[in-house]
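Summary of structural features
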Amino acid sequence: MNPPRILPELAAERTSHPALAAPKHGLRRVARGLRALPRSPGLTRIATGLLVLWAAVSLSFAAIQLAPGDIVSLLIGEQVSTPAIEAAIRQEWGLDEPLYLQYLHYLWRVLHGNFGRSYILNTDVAALVSSQLWPTLKLTGCALVVTIVFAVGLAVLTAGRRWGGRLASGIELVLASTPSFWLGIVLLFIFSFTLRLFPVAGDRGFASLVLPAVSLGLAQGAVVGQVLRHGLTRALDEPFALTVRSWGVSGSALRFRHALRHAALPAVTLAGWLFGGLLSGAVITEQVFGRPGLGKITVDAVLAKDMPVILAIAIFSALIYVVLSTVVDLLYLLIDPRLRERRTRH
Amino acid sequence: MSTESVSYLPSLAISRASSWALRHSPLVLAASYLLLCALATLEPSWLARADPLAADPLAAQLGSSGEHWLGTDQLGRDIFSRVIHGARYSLSISAAAIVIAVLFGTVAGLIAGLARGWLDELITRLLDVVSSFPDLLLALMLISFTGPGTFNLIVALGVASIPRFARVVRSQTFVVMESGYVEQARTFGLTFPVLVWRHVLPHAVAQVPILATIGLGGAIIGTAGLSFLGMGPQPPTAEWGLMLAEGRNYLYNAWWIAVWPGIAITLTVMSVSALGRYWQARFEGREYS
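Rules and cut-offs
Residues numbered from 1 in each chain as written. Chains lettered and ligands numbered in written order. Predicted model: local features only at pLDDT ≥ 70, side-chain atom pairs only at ≥ 80, totals over all residues. Helix = DSSP H or I, 4+ residues; strand = E, 2+ residues; numbered from the N terminus. Buried ≥ 20, exposed ≤ 12 C-beta atoms within 10 Å, placed from the backbone. Contact = placed C-beta atoms within 7 Å. Domains from an automatic or database assignment. pLDDT = per-residue confidence, 0-100. Nonpolar A, V, L, I, M, F, W, Y, C, P; charged D, E, K, R; others polar. Axes fitted to C-alpha atoms, helices over the stretch in contact; angles between N-to-C directions. Parallel < 35°, antiparallel > 145°, perpendicular 65-115°, else oblique. Left-handed = near helix turned anticlockwise from the far one by under 90°. UniProt positions renumbered as here; feature names shortened; annotations may be inferred. Core = buried A, V, L, I, M, F, W, Y, C linked by C-beta atoms within 7 Å.

**Section: the overall build of chain B**
A tally of regular secondary structure across chain B gives 12 helices and zero strands. Along chain B, helices (α) and strands (β) appear in the sequence α-α-α-α-α-α-α-α-α-α-α-α when read from the amino end. With respect to the principal axes defined by its C-alpha atoms, chain B has extents near 75 × 70 × 30 Å. Across the 289 residues of chain B, 45% fall into the buried class.

What follows is the structure, encoded as structure tokens:
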């Protein structure tokens, strides 16, 4: 017969008893100290964001260390190595130092926005990334506008309507299943090659931005639109909708002014996912339309194994993701006062 | 049992099945399309006779005809045959990636859910970090270490989708461990591994097949996207994403090279997601709409 197993709840109770829960080592004492701090959900969220960011940077450092093969040849990539370049890498990454110093060194450099040099392009990585940032930001910004306009339009027009809802659900399924780059190719063929309305490739003013933004934004818009439409349908069924209608407010004003606000809350949580989708999509869309930007340097860097560039882009995208999701969570706390009260985790 | 009911039952079953099929005709279409895809994956030569790799420069960039149903590409290869043979690569790569994600995600989620405490915290944070990189970028990062190739593409895509499965399994494990029947089972004096294997795991993973089906759609798009960028199988492989990349350069003269593989991708993803959503609605006890 096995000894009776302690139920986890009981075990938790035992350790939480002050007499039994004497801190055994420093880590637990630190944890207890942190727990005693006044908890504000906003601060917790920011702290979590910083933690995730630190871990992302550490993970990329670990990736370089754990990757098979010699670090120097990894950092040189496909470039032919010369003793001068090797010496430069050894010096820059402090490869002769012990590992923990290398790590601190790396953290310090990243904290100062120094991502090292690309030995393939022979440039400073931070300068390279920031020079390619603007075209990509333009593209993702315009795609975001397409996403929001499409999602809100589709949801407001069709929510709560029987056939409208079915039609919208079909449109969403088709668009969400279409690879955005294939949509780009089709749009390119129709509007650039056949109708000659938009330029074929490159980054020449607003006209060259339309097709990439539409092809990138529609697939995302389908998913966001679906969430919005469900929220809107639910909001229109609530008692407040009837009350507002009884004031003599028209149906479309009810949808736009009152119900949309309720529906927007769940859609706002998608922001982090939306950003990831837009950035990933931009990498491919830029290739389809031959646009300059982060996508082009990312693909070139991956194919040439240009590690410093890849790490910089990875850390940069993690940074944006963390900042964005933290801001969204804080906004959420501002919008919905009910969440401020709750202290439960997970 | 009377003879009447014997002759009556099958016809009733058939009429019920056909009325179900009529009400759910999009689902039936999706399932039949996927069956075709499965056939194309297992035995493509039954559907398309022409060799997908046989080039014929004299018959390059032809439109659709009786001989080449969907036309030919820039090297004179039969596009219909390439699209059919492409199913094998696109589907097996994405399915293998999902299998990796399900296996590792389930194990990580189960460990986190059972261990609680610092191990749970560690795994959860690690998942947070992994998912703070956009899927495709994470996959690109992993490929930059390993280099392009079919196997590396599978691993990269699989690792990028681990968090999704791990999170669900973890929270379900929590729920199951709290439930009355596990408490009950514990009082029988079962050893821990037996308890987990027989009573916790089956319920913790109940939703995983549904998630995997829905995730497969995303994986197919991801596979096509990464091979479009040249990170997966290399030419002259007949893979849908790769065919799109090649067709992009001949858009002006021969639009069909890039259009057909894209339609194949879209139809496949649509069928998979429609089935996944229907399944999910059934699981949650909703009517599918």
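**Remarks on the overall build of chain A**
Broken down by element type, chain A carries 16 helices and two strands. Taking all 346 residues of chain A together, 34% fall into the buried category. Within chain A, contacts between residues at least 6 apart in sequence are counted, and of these 73% link residues at least 24 apart.

**Focus on the environment of W260 of chain B**
All names here are of chain B. Assignment of secondary structure puts W260 in helix α12 (residues 256-283). Once the C-alpha coordinates of W260 and V176 are considered, the two residues, 84 residues apart in sequence, prove to be 46 Å apart. Contacts of W260, omitting those with residues within four sequence positions, involve L70, I79 and V83.

**Brief notes about the domain arrangement of chain A**
When cut into domains, chain A gives domain 1 (43-111) and domain 2 (126-305). Each of domain 1 of chain A and domain 2 of chain A has a C-alpha centre, and these two points are 36 Å apart.

**Looking at the environment of V244 of chain A**
Residue and element names in this part refer to chain A. Structurally, V244 can be placed in helix α11 (residues 239-246). The sequence separation of V244 and A259 amounts to 15 residues, and the corresponding C-alpha distance is 10.0 Å. Apart from the residues within four sequence positions on either side, V244 is in contact with V249, L254 and H258.

**Concerning the confidence of the model for chain A**
All names here are of chain A. Of all residues in chain A, 82% have pLDDT values of 70 or greater, and the mean over the chain is 78. Per-element confidence in chain A is highest for helix α7 (residues 125-158), whose mean pLDDT is 89, and lowest for helix α1 (residues 8-16), whose mean pLDDT is 42. Every residue in residues 1-24 scores below 50 in pLDDT, and together they form 13 contacts with partners more than four places removed in sequence or on other chains.

**Focus: the interface of chain A and chain B**
At the interface, 44 residues of chain A touch 41 residues of chain B. Its residues assigned to classes, the side of chain A that touches chain B shows 33 nonpolar, nine polar and two charged.

**Things to note about the packing of helix α10 (residues 207-237) of chain A against helix α13 (residues 271-288) of chain A**
Residues and elements named next belong to chain A. One way to put it is that α10 packs onto α13 with a least axis distance of 10 Å and a crossing angle of 150°. For the element pair α10 / α13, the angle class is roughly antiparallel. Crossing angle aside, the handedness with which α10 passes α13 is right-handed. Residue-level inspection shows P212, S215, L216, Q220 and V224 of α10 in contact with α13, the latter providing L274, G277, L278, G281, A282 and T285. In terms of residue class, the contact of α10 with α13 is built from six nonpolar, five polar and no charged.

**Structural notes on the UniProt feature "transmembrane region" (unreviewed entry) in chain A**
Residue and element names in this part refer to chain A. The residues that UniProt annotates with the feature "transmembrane region" (unreviewed entry) are residues 42-64, 137-159, 171-193, 205-228, 264-289 and 309-335. Secondary structure content for residues 42-64 is 100% helix and 0% strand, while the C-alpha to C-alpha distance between its ends is 34 Å. Regarding residues 205-228, the helix share stands at 92% and the strand share at 0%, and the terminal C-alpha atoms are separated by 32 Å.

**Quick word on the nonpolar core**
With 151 residues, the main nonpolar core has I310 of chain A together with A139 and L244 of chain B as its most contacted residues. Top contributing element to this core by residue count: helix α3 (residues 79-115) of chain B, with 15 residues. Counting contributing residues per domain, this core is built from domain 1 (43-111) and domain 2 (126-305) of chain A, each supplying no fewer than three. In contact with L244 of chain B, not counting residues within four places along its chain, are W182 and I185 of chain A together with A224, F228, A258, P261 and G262 of chain B.

**Some details on unusual backbone geometry**
Most of the time, phi is negative for any residue but glycine, and the peptide bond is trans. All names here are of chain B. The amide bond that connects P235 to the next residue, P236, takes the cis arrangement and shows omega of 5°. For P236, the location among the structural elements is in the loop between α10 (208-228) and α11 (240-248). Phi is positive for R116, which is not a glycine, with a value near 50°.

**Remarks on helix α6 (residues 150-160) of chain B**
Looking at α6 of chain B, one finds that the buried residues are L153, I154, A156, L157, G158, V159 and A160 of chain B. Residues of α6 of chain B that are buried in the fold lie against α3, α5 (135-146), α7 (162-178) and α10 of chain B.

**Considerations on the confidence of the model for chain B**
With 96% of its residues at a pLDDT of 70 or more, chain B shows a mean pLDDT of 84. Least confident of the elements in chain B is helix α1 (residues 3-23) of chain B, whose mean pLDDT is 71; most confident is α3 of chain B, at 91.

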